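Letter by letter, the chains look like this.
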Amino acid sequence: MFYDEYLKLDRASMGKAVLSEELAKASGAVAREDLRFEDFLSLLAPAAAGLLDQMALRSRAITQKHFGKNIGMYIPLYLSNECTNECVYCGFNRNNDINRRTLTEHELDQELAAIKQQGYDSILLLTGEAPARVGLGTIARCVTRARELFTQVSLEIYPMDTDGYKRLVDSGATGLTVYQETYNRETYSRVHRSGRKAHFQWRLEAPDRAALAGFRKIGIGALLGLSDWRVDAAHVGAHAAYLMRKYWRTEVSVSFPRMRECPSTFKPACIVTDRELVQMMFALRLYLKSAGIALSTRESQGFRDNMIDLGVTSMSAGSKTNPGGYETYSKSESQGQFEICDDRNTEQVVAAIRGKGYCPVFKDWSATFGGVRP
Amino acid sequence: MDGNLKIGDKEFKSRFMMGTGKFSSDEVMNRCLAASGAEVITVALRRVDINRPDAGILAALDPGKIFILPNTSGAQNADEAVRTANLARAMGLSNWVKLEVTPDPKYLWPDGDETLKAARILVQEGFVVLPYIGPDPVLARKLEDAGTAAVMPLAAPIGSNKGIRSADTIRMIIEQAGIPVVIDAGLGSPSDAALAMEMGADAVMINTAISASADPEKLAEAFRLAVLAGRLAYLGGMAQKGDAAKASSPTEWLVK
């Protein structure tokens, strides 16, 4: 399990490497055909900040070779914003006084149909951690329902045990995303005050359990801004590399959600700039050539459009982060997890992708593909 | 120039097949198709919406002009590949299948065991099977024994553009095969394709080297010409390579 690897990571030297000012190391890393972990670290360092153009060109070429000029299209659907956790940065924090909704079966069908009409075949179902309201059985039923309309049904849900994950795979779930939020244990404990999410190791090993349970696609990431972004990005790379090595049948993808300045609520430890964000995306791409990189509507239109041909492999569009947001409820009736930054509709994003000379791909899975257990 | 390429009960003038997966748009793909002269194009079934076969990639292709060879890309084992091929046949697409079983998403290296298992089932079920394989001469013979219509060994990992990295085993496959050998995956430049044809391959399949290039249409044409040149050279029986000068009748002095 990754927790053992995590304990073995030499955090002191990782911390030093990602702060390196040695240009020679960074430029050597950009030029290497197959990067080692230490090369990845040097590309996260300040020394590599001046090499963004070289990194971008390599990132583009590597991505085109492996994925073609394609962008996989997916869309999120929130099943519920109820949550028992107390994550200080999250809109669904149980202490927040917001309108809570859990979709009924009828509402779910309505939302699924509204999304299907937009042409999607890949859907991401999300929920807060409220097992009493949205438990394993409910999620499994939602997956089965979604599979009637979509061939790819991914989940971004609270961690389950392996048997729970197996049940979801057997219900037709294809992918699982679980962000560690931060790999810094102290920060993790500070920002996850209570609830089941407070258990660092349980969450850290969730991708292992998901792979063992047969999920074909696993997504990981850190919520950038909770802790030092370079160190968190280094851990994301180590974690992704571990998963790809150990569960070699599983497709691994990485996301880089970042926190923004938010006046009234939680103050991030750092604000990741655009330049820093692209640096870590390029570093990851150069290190792990076949890893997927997802870019959500959390980012702005301009940023997303510019990244289409620089390493991204999948994008969402027209997203709503409040349960029922597509058809059933207005924003005030059910509140979202975070603010959407790119609020263009699917058609507009598709046009932007085509405008970059890329092909938006809606259907990229076969109903005949099931879970694969190691 | 010479006889047509015969696979199963079909004949093709062109010995250049094209993939579809990585193009920037259907328009670019179709322009490349025209420039390539290809008569066979492979389409990933995972990209086809069985409920709307008239939308997406299939809508962009004219089956009157091009033979569509469905592939099982993404299948991780024999069972998934067999079921995917059956789905395509059930929707009336084809009883031909380019059999791809690639459990490893990193290099998409074909799984020989599962490919052979799937091939045996699909041949029994009446499919015309073209399996994508590693450059393994024994596997190629087993597949031929199983009744596949061709074998499609890779030159190098898919998308790598590295050219023919295992020339010796590719040569063995070509030498021993009683069915067409189509070199698939890894051919990065027209000279790689020409070399494959010079070696006696019956055809080549290209995707990334065209779609990821700066001017895909030009590359499609370049590959067309290279395939022709390579085939012609093969048929012409190339003179042997070597540095030393050779006397024309070095044993003339012997008493007969």
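Residues numbered from 1 in each chain as written. Chains lettered and ligands numbered in written order. Predicted model: local features only at pLDDT ≥ 70, side-chain atom pairs only at ≥ 80, totals over all residues. Heavy atoms only, no water.

On to the overall build of chain A, then. The helix and strand inventory of chain A stands at 15 helices and nine strands. In terms of overall dimensions, chain A is globule-like: its C-alpha atoms have a radius of gyration of 19 Å, near the 21 Å expected for 374 residues. Dimensions of chain A along its principal axes, counting C-alpha atoms only, are 60 × 45 × 45 Å. A burial count over chain A gives 61% of its 374 residues as buried. Sequence-distant contacts in chain A: of pairs separated by 6 or more residues, those separated by 24 or more amount to 75%. Surface exposure of chain A reaches about 14500 Å², of which carbon and sulfur atoms provide 49%. Positive and negative side-chain charges of chain A, numbering 48 and 44 respectively, have mean locations separated by a distance of 3 Å. (Helix = DSSP H or I, 4+ residues; strand = E, 2+ residues; numbered from the N terminus. Rg over C-alpha atoms; globule rule 2.2 N^0.38 Å. Buried < 20%, exposed > 50% of the residue type's maximum accessible area, 1.4 Å probe, protein only. Contact = heavy atoms within 4.5 Å. Areas by Shrake-Rupley, 256 points an atom, 1.4 Å probe, with all protein chains shown as cover. Lys, Arg positive; Asp, Glu negative; His and termini not counted. Charge placed at Lys NZ, Arg CZ, Asp CG, Glu CD.)

It is common to report an interface's size as the accessible area lost on association of the parts. Contact residues are listed per partner, giving 31 residues for chain B and 26 residues for chain A. Each partner contributes to the roughly 2400 Å² buried at the junction of chain B and chain A, and carbon and sulfur atoms together form 46% of this total. Between E80(B) and R216(A) there is a salt bridge, with the nearest N and O atoms lying 2.7 Å from each other. Run the count over chain B and chain A and you get 17 residue pairs in polar contact (both at pLDDT 80 or more). Of all elements in the fold, only α3 (78-90) and α8 (208-211) of chain B reach the threshold of two or more residues within the side of chain B that touches chain A. The greatest single-element share of the side of chain B that touches chain A, amounting to four residues, is contributed by α3(B). Of the residues contributing to the side of chain B that touches chain A, the split by class is eight nonpolar, 14 polar and nine charged. (Buried area = accessible area lost by both parts, 1.4 Å probe. Salt bridge = Lys/Arg side-chain N within 4 Å of Asp/Glu carboxyl O. Polar contact = N/O pair within 3.5 Å; in protein donor to acceptor, adjacent residues only side chain to side chain. Nonpolar A, V, L, I, M, F, W, Y, C, P; charged D, E, K, R; others polar.)

Predicted confidence across chain B gives a mean pLDDT of 91, with 97% of residues reaching 70 or more. Taken together, the chains of this predicted complex give a pTM of 0.91 and an interface ipTM of 0.84. (pLDDT = per-residue confidence, 0-100.)

A few words on the state of the cysteines. Within this structure, the stated rule accounts for zero disulfides over all chains. With no disulfide of its own, C359(A) has C32(B) as its nearest cysteine by sulfur position, at a separation of 13 Å. (Disulfide = S-S within 2.5 Å.)

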